[in-house]
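What follows is the residue order along each chain.
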Amino acid sequence: MTKRATISAVAHYLPERILTNAELEKTVDTNDEWIRSRTGIAERRVVAEDEATSHMGINSARQIIEKTGIDVAEIDAIIVGTVTPDMFFPSTAALIQDAIGATNAWAFDLNAACSGFIFSLETAAGLIASEKHQKILVVGGDTMTSVLDYEDRTTCILFGDGAGAVLLEPTDGEDGIIDSIMFTDGSGGKRLFMPGGGSRHPATRETVDQRLHYLKQDGREVYKSAVRGMADAAETILSRNGLSGKDLKLFIPHQANKRIIDASAEKLGLSEEQVLINIERVANTTAGTIPIGLSEAVADERLEEGDLLLLSAFGAGFTWGATLIRWGQCQ
Ligand code: COA
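None of these values were measured; they are calculated from a predicted model.

Even after reading the chapter, I still don't get the packing of aromatic side chains, so can you show me in this structure?
Under the counting rule described, the total for this entry stands at 4 aromatic pairs. Both rings, one in F183 and one in W320, keep their centres 5.1 Å apart while their planes meet at 15 degrees; by these two values the pair is stacked. Pair noted here: F183 is in strand β8 (residues 176-184) and W320 is in strand β13 (residues 319-326), with a separation of 137 residues, a long-range link. Pairwise contacts between aromatic rings join F183, F314, F318 and W320 into one cluster.

Set out below in structure tokens:
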């Protein structure tokens, strides 16, 4: 019997600046009606000029430290799910570790795109199970506006900036992460990627001229794979635990497109109240969507001790998965 991990605190940070569909209409050939009806998005947040992914992670981490009153020296590890680190290295996790003064924590980033938070949570749960770690800070966040091509109407309307974090600790109770299931299919890599700036196409004047430093996407293929992946992962985890949709208090899916969320929720037979949707205000913040949703759910008192919660995500890689949690005491 290994130690089970539970979420004991959660927080999130959204930048102040709001970018509405109406503003995007002025710069790219799109319109509010199209964006709302095809994606469910009305507005998204954008970081200030002096902000990056670490700032949003640091803010979330500081809220957790403040509300729990933990000694930062007790944090054993920091894992940051992100595909938009402040820079390639050092890791954003190292930047957060330094800023909050978590001198006893080892820290690293995890690249799994929109599945970054649930992959990080799974990694952290494994570290807790090893019984070598007592307190792990798991952050998910992205500054997607830093990799968006604002001349490409098919992608620039979809994403926003934001981050959230949780504190993961061991539990002896019935609460915590009950089960999880994670997948990767690298053959989907060409459907959603950022070709430039890495070792394949290091940044040059040419790569910038060719706009290789921006996100590229085959939206229809990603859409189909996302619906299938999120619903399959969610259904598998429920059925192998002898559960069905009606047993869930809340489903927090990755917020990529309201139609993807609705299709997944329908497959699981969920009612509206059982599904957290904030895409209208926040858009797709990649690794940020799930911790932001979780933090909003806690703030809105949508979760009580003993409730069953299901998280599910799909993203570049392709990566996808689901995490089943029995909610415990969480600040
Ligand atoms: N404004 C207005 N029209 C747009 C537009 C925009 N922002 N973006 C695309 N269009 C146009 C297309 O050019 C196309 O025009 P055409 O028929 O003349 O060629 C038309 O709208 C329909 O495009 P299509 O791609 O079929 O739309 P869609 O219903 O599939 O929606 C996405 C496009 C991108 C919203 C949708 O495919 C999607 O959400 N995919 C998944 C994206 C995702 O989740 N990515 C993150 C990974 S987790």
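Whenever I open this one, the site of the ligand confuses me. Can you help?
Taken together, 23 residues sit near the ligand, with T30, R38, Q217, R220 and N257 positioned nearest. For the ligand, a nitrogen atom lies 3.0 Å from a polar atom in the backbone of G219. A total of 960 Å² of accessible area belongs to the ligand in isolation, and the protein chains cover 77% of it. Looking at the shell around the ligand, the elements that each hand over two or more residues are α2 (32-39), α6 (153-156), α8 (219-240) and α9 (258-268). The greatest single-element share of the shell around the ligand, amounting to 4 residues, is contributed by α8. Here the shell around the ligand is composed, by residue class, of 10 nonpolar, 8 polar and 5 charged.

What is the right way to read helix α5 (residues 116-129) from this model?
Its 14 residues give α5 an end-to-end C-alpha distance of 20 Å, which sits within 8% of 20 Å, the value for a rise of 1.5 Å per residue. Along α5, 10 of the 14 residues are buried, which leaves the element largely enclosed by surrounding structure. Among the residues of α5, G116, F117, I118, F119, S120, L121, A124, A125, L127 and I128 are the ones counted as buried. Residue E131 follows α5 closely and has a positive phi angle near 65 degrees.

Mind showing me how you'd approach the sheet that holds strand β5 (residues 106-110) here?
Within a sheet, neighbouring strands are paired by backbone hydrogen bonds and run either parallel or antiparallel to one another. Pairing within the open sheet is mixed, and its 5 strands lie in the order β1-β7-β6-β4-β5. The open sheet has two edge strands with one neighbour each: β1 (4-13) and β5. Direction aside, neighbouring strands of the sheet carry axes that sit 20 degrees apart on average. Pairing between β1 and strand β7 (residues 161-171): 9 bridges, direction antiparallel. Bridge pairing in β7 links Y13 to A163.

Explain the pattern of salt bridges to me, please; I cannot follow it from the model alone.
If the charged atoms of two oppositely charged side chains come close together, the side chains can form a pair. Inspection of the entire model under this criterion finds 15 salt bridges. Ionic pairing is found between E74 and K135, a salt bridge with its closest N-O pair at 3.2 Å. Of this pair, E74 sits in the loop between α3 (53-68) and β4 (77-81) while K135 is found in the loop between α5 and β6 (136-143), placing the two residues 61 residues apart along the sequence. Given the relative accessible area of 13%, K135 is considered buried.

Can you help me understand the environment of G321 in this one?
Inspection of the secondary structure puts G321 in strand β13. Placed 77 residues apart in sequence, G321 and S244 show a C-alpha to C-alpha distance of 17 Å.

Whenever I open this one, the nonpolar core confuses me. Can you help?
Side chains of nonpolar character tend, in soluble globular proteins, to be buried together. In terms of nonpolar packing, the biggest core is built from 42 residues, with L248, L268, L270, L310, F314 and L324 touching the most fellow members. Mapped by element, the contributors of at least two residues to this core are α8, α9, β12 (308-315) and β13. Counting residues per element, this core draws most heavily on α8, which supplies 8 residues. Leaving out residues up to four positions away in the same chain, L324 has contacts with G176, I177, I178, D179, I237, L238, N241, L243, L248, L308, L309 and L310. Counting residues in each nonpolar core, the second largest holds 33 residues, with I79, L127, L168 and L303 among its members.

Quick notes on the rules
- Residues numbered from 1 in each chain as written.
- Predicted model: local features only at pLDDT ≥ 70, side-chain atom pairs only at ≥ 80, totals over all residues.
- Heavy atoms only, no water.
- Phe/Tyr/Trp six-rings, centres within 6.5 Å; stacked < 30°, edge-to-face > 60°.
- Helix = DSSP H or I, 4+ residues; strand = E, 2+ residues; numbered from the N terminus.
- Near = heavy atom within 4 Å.
- Polar contact = N/O pair within 3.5 Å; in protein donor to acceptor, adjacent residues only side chain to side chain.
- Areas by Shrake-Rupley, 256 points an atom, 1.4 Å probe, with all protein chains shown as cover.
- Nonpolar A, V, L, I, M, F, W, Y, C, P; charged D, E, K, R; others polar.
- Expected span 1.5 Å × (residues − 1).
- Buried < 20%, exposed > 50% of the residue type's maximum accessible area, 1.4 Å probe, protein only.
- Pairing = 2+ DSSP bridges.
- Axes fitted to C-alpha atoms, helices over the stretch in contact; angles between N-to-C directions.
- Salt bridge = Lys/Arg side-chain N within 4 Å of Asp/Glu carboxyl O.
- Core = buried A, V, L, I, M, F, W, Y, C linked by side-chain atoms within 4.5 Å.
- Contact = heavy atoms within 4.5 Å.

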